[in-house]
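# Architecture at a glance
Here is how the chains run, residue by residue.
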Amino acid sequence: MHTEEQIKQRPVLLILGDIPVGSEIGIDCKIWKIAEKFKGIAAIPLGIHYVHYTVADNKDTNNIGQLRTGFFVNVKQSDVFIYIWDTANEVLNLLKDTEEIERYKRGIYNGAFENNLGAYPMEEYTKWNQLSNHITLEVVNRIEPIQKNISASSKPLDNNEKQMLQNVTKNDDNNNNNNDEKQIGNIPSHIFFTTLPKNNLFDRSNAFFTLLLKEYNNNFELFLGELQFAFICFLIGQSFDAFDQWKNMVHLICLSEKALLLSLETTNTSLYNNKMDVLSFFTTFLKTLECQLKEIPFDFFENDLSKGNFLEECIKNLYFICVKDDINDCTTSCHPNIKMEVISILKYLKENVGLDIENKYNTKYRSNGFVEGEEDEEDLPVVVDLNASMF
């Protein structure tokens with residue numbers, strides 16, 4: 001039995017209203033089916049969390065909808081989040097009425113909901129922390145939709161919606177305008193991901209460092225936080241927009257050869273004397289990527305969603321830049337810390353996914369895509385007999 005003081009200190013997420021029985025609700029990496037007595041989750045660890053739900057059909061509780069909705073919350077000591085189910089729009093709305101909030105808090109403290117609250121699944125917390133340890137409140141505020149809800153599918157804003165958004169966001173944060181709220185309500189669940197550079201250069205290093213300066217103020221943590229934000233919204237939130245952002249961010253780094261080799265020839269001059277920061281970023285990025293790879297279903301490497309198996313292409317690039325060329329005594333060697341992380345990823349893929357990058361691509365030559373000893377016939381040089389007649 002919890003004491004009153006313990007109950008007051010533990011963060012609680014309370015869900016009220018007639019959310020259909022059989023719907024699914026989750027926090028972070030855990031999902032439950034909602035039963036009649038379910039009213040929320042208690043004892044949530046402090047920090048950033050992702051709450052998500054999928055609605056069941058009222059007429060057939062075994063029929064779960066396809067579109068998942070989610071939102072991030074920043075949990076502090078003694079926080080109580082109260083969400084009311086909106087039956088008409090099938091969304092959870094945060095209760096804002098201070099008197100109502102206090103009334104429900106008293107009910108929680110008095111034990112009125114004690115038998116209706118599930119405990120946060122602490123067995124999942126280590127995994128969640130590894131997937132989200134770079135997501136800060138600053139990262140969430142930069143990226144999340146205006147109305148917080150992240151939908152499994154969304155469409156780009158049209159010109160009218162973009163103009164509406166610009167007009168609303170110009171208003172002072174302290175000016176609560178009901179008309180603005182109505183306008184925002186008409187804007188889709190648009191995630192404000194950073195626009196990434198688009199070019200076909202073999203080496204994306206300068207593009208990455210320029211992006212880092214202009215969009216992230218040379219803050220590597222913001223980049224890593226957005227990478228994790230996108231991955232969670234893709235893997236758990238089932239957002240295709242988030243998948244595209246995550247894919248493009250991973251692709252950008254894995255094609256940044258000079259940066260991975262710590263050759264900081266860039267217009268972002270503030271990085272010239274910060275090799276240790278760059279080294280720390282790449283080792284952290286690779287650790288983060290490996291954690292993410294461990295959560296991806298094995299068949300993803302063969303799924304059409306990955307569009308030409310972009311992950312295999314990215315890992316292959318890392319292998320050639322950081323491992324194979326280093327073995328072949330290139331003039332510029334990869335730092336051992338970066339190389340060690342790449343080898344760890346290669347080992348995981350080989351032992352758990354059955355993808356042996358080193359064996360599969362060992363003879364490939366990175367810079368022009370040819371295969372030593374296995375060239376396509378169309379790529380082979382043509383031998384011409386100068387003594388033969390033309391016809």
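Quick look at the structure, then. Computed from a prediction, not measured in an experiment: that's the story for all the values here.

Moving on, we come to unusual backbone geometry. Glycine aside, the phi torsion of most residues is negative, and most peptide linkages are trans. Backbone geometry at Lys148 places phi at a positive 75°, although glycine is not the residue there. Classification of Lys148 by relative accessible area gives partly exposed; the value is 41%. Of note, the phi angle at Asn217 is positive, near 50°, even though the residue is not glycine. Looking at the secondary structure, you find Asn217 in the loop between α7 (205–216) and α8 (220–235).

Reading across the sheet, the five strands line up as β3-β2-β5-β6-β10 and stay open at both edges, with antiparallel pairing between neighbours. One side of each edge strand has no neighbouring strand; the edge strands of this open sheet are β3 (30–33) and β10 (150–151). Examined bridge by bridge, strand β2 (residues 24–27) and β3 share four bridges and lie antiparallel to one another. Paired with Glu24 across the two strands is Lys33, which belongs to β3.

It is worth spelling out the packing of aromatic side chains at this point. In the structure shown here, the tally under the stated rule is 24 aromatic pairs. Aromatic pair Tyr216 and Phe223: ring centres 5.5 Å apart, planes at 70°, arrangement edge-to-face. Accessibility assignment for this pair places Tyr216 and Phe223 in one class, buried. Taking the centre distance of 5.8 Å and the plane angle of 75° together, the rings of Phe223 and Phe281 count as edge-to-face. Here the residue Phe223 occupies a position in helix α8, and Phe281 occupies one in helix α11 (residues 275–293), the gap between them amounting to 58 residues. The pair Phe223 / Phe281 is uniform in exposure class, with both members buried. Grouping aromatic residues by their ring pairs yields a cluster made of Phe208, Phe209, Tyr216, Phe220, Phe223, Phe281, Phe282 and Phe285. Its guanidinium or amino end placed over the ring of Tyr104, Arg103 lies 4.8 Å from that ring's centre, counting from NZ or CZ.

Right, let's talk about helix α13 (residues 336–353) for a bit. Taking 1.5 Å of rise per residue, 18 residues should cover 26 Å, and α13 covers 25 Å from first to last C-alpha, within 8% of that figure. Among the residues of α13, Ile338, Glu341, Val342, Ile345, Leu346, Tyr348 and Leu349 are the ones counted as buried. For α13, the angular spread of buried residues about the axis comes to 155°, placing them on one side. What points out from α13, more than 90 degrees from its buried face, is the exposed set Pro336, Met340 and Glu351. At the C-terminal side of α13, Gly354 shows a positive phi close to 80°.

Before going further, it helps to spend a moment on the packing of α8 against α11. Across the interface, α8 lies against α11 with an axial gap of 10 Å and an inter-helix angle of 10°. In terms of orientation, α8 lies roughly parallel with respect to α11. Judged by residue contacts, Phe220, Phe223, Leu224, Leu227, Gln228 and Phe231 of α8 engage Asp277, Val278, Phe281, Thr284, Phe285, Thr288 and Gln292 from α11. Residues belonging to the contact of α8 with α11 are distributed by class as follows: eight nonpolar, four polar and one charged.

The rules behind each value
Residues numbered from 1 in each chain as written. Predicted model: local features only at pLDDT ≥ 70, side-chain atom pairs only at ≥ 80, totals over all residues. Heavy atoms only, no water. Buried < 20%, exposed > 50% of the residue type's maximum accessible area, 1.4 Å probe, protein only. Helix = DSSP H or I, 4+ residues; strand = E, 2+ residues; numbered from the N terminus. Pairing = 2+ DSSP bridges. Phe/Tyr/Trp six-rings, centres within 6.5 Å; stacked < 30°, edge-to-face > 60°. Lys NZ or Arg CZ within 6 Å of the ring centre and 35° of its normal. Expected span 1.5 Å × (residues − 1). Arc of directions from axis to C-beta. Axes fitted to C-alpha atoms, helices over the stretch in contact; angles between N-to-C directions. Parallel < 35°, antiparallel > 145°, perpendicular 65-115°, else oblique. Contact = heavy atoms within 4.5 Å. Nonpolar A, V, L, I, M, F, W, Y, C, P; charged D, E, K, R; others polar.

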